Amino acid sequence: LNSNTKLVVSEFLNMLSQFKKKLYTKNDNQYLKQFLLIAFSFLSNEDNEHETELTSETSLFTIGSNMINQITNVISSKRTFPILIEIIKTNVTSQKKWQRRAAIAIVGEMAEGCATQMKDNIDDIINLLINTFETEPEQSIKGQCIVSMDQVSQNCNPEINEYYDKIIPMLY
């Protein structure tokens with residue numbers, strides 16, 4: 001599918017999440033899992049490497065990011081957080097850089113909708129971002145760590161305050 005078709009697909013799935021929330025929670029969250037995996041496939045698509053602007057409205061990266069943000073703000077974090085954490089854990093050490101970047105992007109995109117769950121797991125979240133930043137050779141993924149850390153800091157206050165001595169060195 002081309003980017004415009006994928007944009008239409010994402011808009012349709014997002015509309016369903018707004019108006020047919022129960023659809024995503026049926027069958028042990030199977031449709032929710034599929035939605036999140038589709039969003040991840042957009043985020044981690046290798047064609048993103050050839051996109052001139054990852055933030056353009058029709059870039060697959062932006063489409064996937066918006067899908068994660070939308071669903072986590074509509075469906076309970078008790079349902080979305082565990083699935084997203086599993087996707088992150090599975091892909092953050094992938095051999096493919098776009099999968100690693102997408103995993104880190106998910107952390108930031110779910111920060112608003114899953115803030116309660118993230119606050120409960122703030123130590124793990126912060127350590128994931130800092131460890132990835134410190135060990136990752138790809139600059140684009142290091143940059144994504146900073147973007148995601150910013151999104152987490154906006155939504156996980158005051159819990160994040162005790163980690164600023166670890167976070168500040170990321171900026172230098």
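Residues numbered from 1 in each chain as written. Predicted model: local features only at pLDDT ≥ 70, side-chain atom pairs only at ≥ 80, totals over all residues. Heavy atoms only, no water.

### Observations concerning the environment of Ile160
Relative to the elements of secondary structure, Ile160 occurs in the loop between helix 8 (139-155) and helix 9 (164-167). Under the relative-accessibility criterion, Ile160 is labelled buried at 0%. In this structure, the C-alpha to C-alpha distance between Ile160 and Asp123, residues 37 residues apart in sequence, is 8.6 Å. The contacts of Ile160, once residues within four sequence positions are left out, are Ile126, Met149, Val152, Ser153 and Ile167. (Helix = DSSP H or I, 4+ residues; strand = E, 2+ residues; numbered from the N terminus. Buried < 20%, exposed > 50% of the residue type's maximum accessible area, 1.4 Å probe, protein only. Contact = heavy atoms within 4.5 Å.)

### Describing the nonpolar core
In this structure, Leu36, Ile106, Met110, Met118, Ile126 and Val152 are the most contacted members of the largest nonpolar core, which totals 49 residues. Where this core is concerned, the elements lending two or more residues are helix 1 (3-19), helix 2 (21-43), helix 3 (60-74), helix 4 (77-91), helix 5 (97-109), helix 7 (122-135) and helix 8. Residue contributions to this core peak at eight residues, all from helix 2. (Core = buried A, V, L, I, M, F, W, Y, C linked by side-chain atoms within 4.5 Å.)

### Some words on the packing of aromatic side chains
One pass over the structure, following the stated rule, counts zero aromatic pairs. The lysine or arginine in question, Arg101, covers the ring of Phe61, its NZ or CZ lying 4.5 Å from the ring centre. Positioned above the aromatic ring of Phe133 is the side chain of Lys142, whose terminal nitrogen or guanidinium carbon lies 4.6 Å from the ring centre. (Phe/Tyr/Trp six-rings, centres within 6.5 Å; stacked < 30°, edge-to-face > 60°. Lys NZ or Arg CZ within 6 Å of the ring centre and 35° of its normal.)

### Comments concerning the pattern of salt bridges
Under the counting rule described, the total for this entry stands at two salt bridges. Arg100 is the salt-bridge partner of Glu136, the closest N and O atoms lying 2.9 Å from each other. With Glu136 in the loop between helix 7 and helix 8 and Arg100 in helix 5, this pair connects stretches of sequence that are 36 residues apart. In this pair, the class of Glu136 matches that of Arg100, namely buried. (Salt bridge = Lys/Arg side-chain N within 4 Å of Asp/Glu carboxyl O.)

### Some remarks on helix 3
In this model helix 3 runs 21 Å from its N-terminal to its C-terminal C-alpha over 15 residues, within 8% of the 21 Å that 1.5 Å per residue would give. Within helix 3, the full set of buried residues consists of Leu60, Phe61, Thr62, Ile63, Gly64, Ser65, Met67, Ile68, Ile71 and Thr72. (Expected span 1.5 Å × (residues − 1).)

### Some remarks on the environment of Asn131
One can find Asn131 in helix 7. In the structure, Asn131 is positioned 14 residues away from Cys145 in sequence and 9.6 Å away in space, judged by C-alpha atoms.

### Quick notes on a nonpolar patch on the surface
On the surface, a cluster of nonpolar side chains totalling about 530 Å² of accessible area is made up of Ile146, Tyr164, Ile168, Leu171 and Tyr172. Within the fold, Leu171 resides in the segment after helix 9. For Leu171, a relative accessible area of 51% gives the class exposed. (Patch = residues over 30% accessible without salt bridge, like charges linked within 9 Å, V, L, I, M, F, W, Y side chains within 5 Å. Areas by Shrake-Rupley, 256 points an atom, 1.4 Å probe, with all protein chains shown as cover.)

Remember, this is a structural readout, not a statement about activity or role.
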